[in-house]
Amino acid sequence: MTAFRFSLRASLAAGLVAAAGIAAAQPTQPAVQPGAPAPAVFPMTDTALRPQARPVPPRGPAAAGPVIAAGPAAAMPAPMAAPMPPQPVFMAQASVSGTLARWLTNPNGEADGLLLDNGTQVNFPPHLSADLTALVQAGDRVEVTGWRAGDGQAVQAQQIAAKGRAVVDTPPNPGAVPPAPRAMGALAAMNAGGRIARLLTTGRGDTNGVLLEDGTVVRFPPHVGRMIAGLLQPGAPLYVQGWGTRSNLGTALEATRLGATPQSLQDVLAGPVSGPVDLPRPGAPRRPV
């Protein structure tokens, strides 16, 4: 019995020694402090053990320079397209002469252009209106020098000469006192209609008005002229409502509504007063609605 007990104790002691050896062989896990995040566990996989391919540097002249280790391909930004520059308008010097056939007026009652008997349109700034209309009358011969767009017909005048005198569009001197504002005619609600005798253009060649067969000048901005280009044909009917003046130089209005018939008028510009306006017959007072 004594021998049996001794053998049992020896077996138990050997087992404890073996367990202690196994425990000592295991890596010791660091103690996790309360509230601290749990340590990350990185599982070992075949991919982690698999040898990674190394980039092969290019041979030849392209190999010059540092070799950059391969990594995830970086997305290269697409090249930004350069903005299209505005298309320039070629302006050429021009000299024309002829007999004054008629003045072209703006809605304020000032002359800002003329037509020669050969059909040439001449534009000039309206601040020259008083000097030119005092110098030249219909039937007088004039000499014009200025500029014209390569594909345009109108001449932007720099100088208009007649009867041995010349009116020159001279820019103001730097620092000069600006001239006093010119007196403008009172705008009245007007209607006009008839067939188009000719188109009126700027010095750049943009359509900005028409001359009707009865002599009425209808004005609108160039962007409106592009919008209604289908209506603007010589000989085509055009009906308009707008605001303008009548004077001894002629009749002109700025169109706010226009169309091919009186029943098809479309709004193109706002009137000179706030809110919609019911345009009455010529000569009648305007009435906001």
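Residues numbered from 1 in each chain as written. Predicted model: local features only at pLDDT ≥ 70, side-chain atom pairs only at ≥ 80, totals over all residues. Heavy atoms only, no water.

> I'd love a proper account of the pairing of strand 2 (residues 111–116), names of residues and values included.
Of all six residues making up strand 2, six are buried, and the element is well covered by its neighbours. Here strand 1 (residues 91–105) runs beside strand 2; their pairing, made up of five bridges, is antiparallel. In the sheet register, Arg102 faces strand 2, and the bridge partner there is Leu115. In this antiparallel pair of consecutive strands, strand 1 and strand 2, the connection spans five residues, and Gly109 shows a positive phi of 90°. Relative to strand 3 (residues 121–123), strand 2 is paired through three bridges, and the arrangement is antiparallel. Among the inter-strand pairings, Leu114 is bridged to a residue of strand 3, identified as Val122. Between strand 2 and strand 3, which pair antiparallel one after the other, the connecting turn spans four residues, and Gly119 there sits at a positive phi close to 90°. (Buried < 20%, exposed > 50% of the residue type's maximum accessible area, 1.4 Å probe, protein only. Helix = DSSP H or I, 4+ residues; strand = E, 2+ residues; numbered from the N terminus. Pairing = 2+ DSSP bridges.)

> I'd love a proper account of the packing of aromatic side chains, names of residues and values included.
Applying the stated criterion across every chain yields a total of one aromatic pair. Measuring from ring centre to ring centre gives 6.3 Å for Trp103 and Phe124, while their planes differ by 90°; the resulting arrangement is edge-to-face. Within this pair, whereas Trp103 is found in strand 1, its partner Phe124 is found in the loop between strand 3 and helix 3 (129–135), the two being separated by 21 residues in sequence. Residue class for Trp103 comes out buried when judged on its relative accessible area of 10%. (Phe/Tyr/Trp six-rings, centres within 6.5 Å; stacked < 30°, edge-to-face > 60°.)

> Tell me about the nonpolar core, residues and numbers included.
Membership of the largest hydrophobic core comes to 20 residues, with the highest contact counts inside it found for Trp103, Leu114, Val122, Phe124, Val144 and Ile160. Leave out the neighbours within four places in its chain, and Val144 touches Ala94, Ser95, Val96, Val122, Val155, Ala157, Gln159 and Ile160. If you look at the next biggest cluster of nonpolar residues, it comprises 16 residues, including Ile196, Val224, Ile228 and Val268. (Core = buried A, V, L, I, M, F, W, Y, C linked by side-chain atoms within 4.5 Å. Contact = heavy atoms within 4.5 Å.)

> Report on unusual backbone geometry, specifying residues and quantitative values.
In this model, Lys163 sits at a positive phi of 55°, which is unusual for a non-glycine residue. Inspection of the secondary structure assignment puts Lys163 in the loop between strand 5 (155–162) and strand 6 (165–168).

> Before we move on, could you go through the pattern of salt bridges and cite the residues and values that matter?
Side chains carrying opposite charge are able to pair once their charged atoms draw close together. By the definition in use, this model includes four salt bridges. Note that Asp112 and Arg219 form a salt bridge whose closest N and O atoms lie 2.8 Å from each other. Separated by 107 residues along the polypeptide, Asp112 in strand 2 and Arg219 in strand 9 (residues 217–219) bring together distant segments of the chain. Owing to a relative accessible area of 15%, Asp112 belongs among the buried residues under this scheme. The class for Arg219 is buried, based on a relative accessible area of 9%. (Salt bridge = Lys/Arg side-chain N within 4 Å of Asp/Glu carboxyl O.)

So far we have only geometry, and geometry alone does not tell us how the molecule works.
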